[in-house]
Amino acid sequence: MVYTSGSGLDPHISPQAARLQVARVAAARGLKVEQINALVEKFVEPPQWGFLGEPRVNVLLLNVALDQLETKKVALNR
């Protein structure tokens, strides 16, 4: 995970790397692990054109979805 994108410019990580961080993200955001797992799986993208590269997760899109989920949670608790 450390050497995958040293430049920091690539918004993608492997599904395995995303899954490793689920518990930490859930704790940091005050969300359930199951919610984070479901979003990670939703944002797994297949290899480009079905055969180039590996499956990946777009962290930018995942974070936007997490922000929206967090916003809904705050609105419901008011």
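This text follows the structure it describes.
These lines cover the structure that appears in this document, whether it is placed above or below. The structure presented is a predicted model; accordingly, all values stated were derived computationally and were not measured.

## Some remarks on the environment of L62
- Relative to the helices and strands, L62 resides in helix α4 (residues 59-76).
- Not counting chain neighbours up to four residues away, the residues in contact with L62 comprise L39, V40, F43 and V57.

## Things to note about the sheet that holds strand β2 (residues 44-45)
- In space, the 3 strands of this open sheet follow the order β1-β3-β2, with antiparallel pairing throughout. For this open sheet the edge positions go to β1 (12-13) and β2, each flanked by a neighbour on one side alone.
- Across 2 bridges, β2 lies against strand β3 (residues 56-58) in antiparallel orientation. By the bridge assignment, V44 is partnered in β3 with V57.

Definitions and limits used
Residues numbered from 1 in each chain as written. Predicted model: local features only at pLDDT ≥ 70, side-chain atom pairs only at ≥ 80, totals over all residues. Heavy atoms only, no water. Helix = DSSP H or I, 4+ residues; strand = E, 2+ residues; numbered from the N terminus. Contact = heavy atoms within 4.5 Å. Pairing = 2+ DSSP bridges.

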